[in-house]
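# Observations on chain architecture
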Amino acid sequence: MENFDVDVVIVGAGFAGAVTARKLAETGKKVLVFEQRNHIGGNAYDFINDNSILIHLYGPHIFHTNDQKVYNFLSRFTDWREYKHQVVASIKGEKMSIPFNFDVLEKVFESDSDLLKEKLLEVFKNRKKVFINELLEFDDPDINKIATYIYENYYFYYSTKQWGEHFSSLDNSIFKRVPIYLSKKNYYFEDNWQLIPAAGYTKLFENILDHDLINVKLKTDGLDFISLKSGKVYLKGELFSGPVIYTGSLDKLFNYEYGKLKYRTLDFKFENYNKNHFQNYGVVNYTLDQDYTRITEYKYLTGQKLKNKTTIVKEYPRELEKETDIPYYPIPTKESRELYFKYQEKLINYHNFFCLGRLAEYQYYNMDQVVAKALNLSNKLKD
Ligand SMILES: Cc1cc2nc3c(=O)[nH]c(=O)nc-3n(C[C@H](O)[C@H](O)[C@H](O)COP(=O)(O)OP(=O)(O)OC[C@H]3O[C@@H](n4cnc5c(N)ncnc54)[C@H](O)[C@@H]3O)c2cc1C
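Every chain begins its residue count from 1, and numbering advances along the sequence as written. In keeping with the predicted nature of the model, local features appear solely for residues at pLDDT of at least 70, side-chain atom pairs appear and are counted solely at 80 or more, and the whole-chain, interface and lining totals rest on all residues. Working from all heavy atoms in the structure, the side-chain values ignore hydrogens and water.

Looking at an unreviewed UniProt entry, the protein carries the name UDP-galactopyranose mutase, with the source organism given as Halanaerobium praevalens. Database annotation for the protein, UniProt heading Sequence similarities (unreviewed entry): "Belongs to the UDP-galactopyranose/dTDP-fucopyranose mutase family." UniProt positions are given in the numbering used here, feature names are shortened, and annotations may be inferred rather than shown by experiment. As stated in UniProt under Cofactor (unreviewed entry), the record for the protein gives "FAD".

Rendered as structure tokens:
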């Protein structure tokens, strides 16, 4: 193989890997990126399918952020399409806004709704949103009535399906991702910027990685070339003292020595239709029935205007079984965090080895969070 005369080695060409590669290349460093898949972009990868629809192969990705630095950095490589994401839950044949809001409260509690709204606004003064665990824990019959409805219709079945764990064993951070609005706000995200790259995510990644000092090796497992021993990192058997940025999973790095980290995977079932639209929203969540969690219709996200053609995807969550299953979501329980920390401790003496991103840090991060972390790490490594 080619050229190992490089300053930085990166494992993974998702947001974590691509952004650090670009930032470090711009400081004059020669960067080698290993990517095991046959494409760049990590889980944000998109392409035009046989039905001429731009699809996100690993599930719908909507970029949203309040972080000016992240927005500025990515805007160097893409134009944007504005997209305010709306999600509904299919509940007993009706479509109800997600997050739960005062529109849903009025529909469900009809003549009691004014009283219940007042109560919520009084109890949670000056708050724009609350979380399901706060409602469930609050000692008041009216609040409990609302909490029970939301818990049963929005969270319980959906989170069991998504995580394969009982609601009570999951970390609170999960429920903070989907709040309850104390208003009629009906958009899913609250960030200043809610966008989709105008020419798609893959094009954005091509532009980020298009630099003379970046060399990307696709279909290459970085762990076939990198090894760790007694605080030292080796690249193809030779001592390597430059930074190595690893964005893969830690259990695989250590050959599953302490066992496998728990992740959920997803089976994506794509369906093409010869009609303008399949549904009235970008995403419909199935919170009370079906084995899939949600149906996404890509045309809403990407803004494609094709007539009589559309593609949807249904997402079926399940446990990781085979070596080839893709680990998407770290399962946020106490035990899995503990196992992760055990692996992390093994890296304590490796001062030029950096873990970054959703796999290596065993965290559910949004894209903007990963970009922010990648920009920070590159700043630290630039000298
Ligand atoms: C279904 C789904 C929907 C999502 N929707 C959104 C959304 O709407 N908005 C949002 O902000 N975020 C969303 N996310 C999160 C988003 O995907 C992540 O924030 C982002 O992908 C993290 O980037 P990353 O580089 O850390 O990881 P990844 O994108 O997973 O990239 C890691 C890369 O490393 C490669 N790799 C791993 N190990 C090795 C190895 N040993 N050798 C070589 N290569 C290796 C992998 O193949 C992969 O390409 C979603 C995630 C999922 C699963």
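With that settled, the discussion passes to the environment of D383. Note that D383 resides in the segment after α13 (367-381). Taking C-alpha positions, D383 is 9.4 Å from L24, a pair spaced 359 residues apart along the chain. Where helices and strands are cited, they refer to DSSP runs of H or I of at least four residues and of E of at least two residues respectively, numbered from the N terminus.

Proximity is defined per residue: any heavy atom of the residue falling within 4 Å of a molecule or strand makes that residue near it. For the ligand, the set of nearby residues contains 33 residues, the closest of which are E35, H61, R358, Y365 and M367. The contact in question runs from a nitrogen atom of the ligand to an N or O atom on the side chain of D221, over 2.8 Å. Polar contacts, as counted here, are pairs of nitrogen or oxygen atoms within 3.5 Å of one another; within protein the pair requires one atom able to donate a hydrogen and one able to accept it, and residues that are adjacent in sequence qualify only if both atoms are side-chain atoms. At 2.7 Å from an oxygen atom of the ligand is found a main-chain nitrogen or oxygen belonging to Y365. Surface exposure here means Shrake-Rupley accessible area, sampled with a 1.4 Å probe, where a residue is shielded only by the protein chains that are shown. Protein contact buries 97% of the 990 Å² of open area that the ligand shows by itself.

Centres within 6.5 Å make a pair out of two Phe, Tyr or Trp rings, where for Trp the six-membered ring is used; the pair is then stacked when the planes are under 30 degrees apart, edge-to-face when over 60, and tilted otherwise. Tallying each qualifying case throughout the model produces 28 aromatic pairs. With a centroid separation of 5.8 Å and 55° between ring planes, the pair formed by F124 and F138 is classed as tilted. Of the two residues, F124 sits in the loop between α4 (113-123) and β9 (129-130) while F138 sits in the loop between α5 (132-137) and α6 (141-163), which places them 14 residues apart along the sequence. Cluster of aromatic residues (ring-pair linked, three or more members): Y58, F268, F270, Y298 and Y328.

A separate point is the pairing of strand β2 (residues 31-34). Residue burial is assigned from relative accessible area. The probe radius is 1.4 Å, only protein chains are included, and a residue is buried under 20% of its type maximum, exposed over 50%, and partly exposed in between. Burial along β2 is two-sided: the face carrying V31 and V33 and the face carrying L32 and F34 are both buried. When the strands point away from the viewer and the path from the first strand over the helix to the second turns clockwise, the crossover is right-handed. The parallel pair strand β1 (residues 8-11) and β2 is bridged by helix α1 (residues 15-25), and the resulting crossover is right-handed.

Turning to the sheet that holds strand β6 (residues 80-82), a few remarks are in order. One open sheet holds the 3 strands; their spatial order is β5-β11-β6, and the pairing between them is antiparallel. Two strands bound the open sheet, and with one partner strand each, they are β5 (63-65) and β6. Mean inter-strand twist for the sheet, computed between neighbouring axes without regard to direction, equals 40°. Pairing between two strands is assigned when DSSP locates at least 2 bridges connecting them. As judged from the 3 bridges shared by β5 and strand β11 (residues 193-197), these two strands associate in the antiparallel manner. Note that in β11 the partner of F63 across the bridge is L195. Contacting β5, β6 and β11, helix α2 (residues 68-75) runs over the sheet at an angle of about 140° to β5. Each axis is a line fitted through C-alpha atoms, and for a helix only the stretch in contact is used; angles between axes span 0 to 180 degrees, taken between their N-to-C directions. Only heavy atoms matter for contacts: two residues are in contact if any of them lie within 4.5 Å across the pair.

Domain extents, as shown, originate in an automatic or database domain assignment. Partitioning the protein into structural domains gives domain 1 (8-83 + 196-256 + 332-381) and domain 2 (100-181). One C-alpha centre belongs to domain 1, the other to domain 2, and the line joining them spans 35 Å. Each partner contributes residues to the interface: domain 1 has 4 residues there, and domain 2 has 7 residues. Interface area lost by domain 1 to domain 2 is led by P332, T333 and Y364, which between them contribute 90%. Each reported salt bridge corresponds to a side-chain nitrogen of Lys or Arg within 4 Å of a carboxyl oxygen of Asp or Glu. On inspection of domain 1 and its partner domain 2, the count reaches 0 salt bridges. Here domain 1 is connected to domain 2 by 0 residue pairs in polar contact (both at pLDDT 80 or more). In this classification, the charged set is Asp, Glu, Lys and Arg, the nonpolar set is Ala, Val, Leu, Ile, Met, Phe, Trp, Tyr, Cys and Pro, and all remaining amino acids, among them Gly, are polar. Classifying every residue of the side of domain 1 that touches domain 2 gives 2 nonpolar, 2 polar and no charged. We define buried area as the total accessible area lost by two parts upon association, computed with a 1.4 Å probe and summed across both.

Right, let's talk about the sheet that holds β1 for a bit. What holds strands together in a sheet is hydrogen bonding between their backbones, with the strands either parallel or antiparallel. An order of β12-β2-β1-β16-β22 is seen for the 5 strands of this open sheet, with the pairing classed as parallel. Edge positions in the sheet fall to β12 (214-217) and β22 (353-355), since each of these pairs with one other strand and no more. On average, adjacent strands in this sheet sit at an angle of 15° to one another, irrespective of strand direction. Strand direction decides the pairing type here: β2 and β12, joined by 4 bridges, are parallel. In the strand pairing of β12, V31 is matched with I214.

What follows deals with the pairing of strand β7 (residues 87-91). With 5 of 5 residues buried, β7 lies mostly within the body of the structure. Where β7 lies against strand β8 (residues 94-98), 5 bridges are found, and the strand directions are antiparallel. When the bridges of β8 are listed, V87 appears paired with I98. Turn length for the β7-β8 hairpin, with the two strands adjacent in sequence and antiparallel, is 2 residues, and the turn residue K92 shows positive phi of about 45°. Both β7 and strand β18 (residues 283-285) contribute to a ladder of 3 bridges, which runs parallel. Counterpart to V87 in the pairing with β18 is V283.

Turning our eyes to something else, we now look at the packing of α4 against α6. The N-to-C vectors of α4 and α6 enclose an angle of 105°; their axes lie 10 Å apart at closest approach. Between α4 and α6, the crossing angle belongs to the class labelled roughly perpendicular. Touching L115, L116, K119, L120 and V123 of α4 are D142, I143, K145 and I146, all from α6. Looking at the contact of α4 with α6 residue by residue, the class counts come to 6 nonpolar, no polar and 3 charged. An angle below 35 degrees is treated as roughly parallel, one above 145 as roughly antiparallel, one from 65 to 115 as roughly perpendicular, and anything else as oblique.

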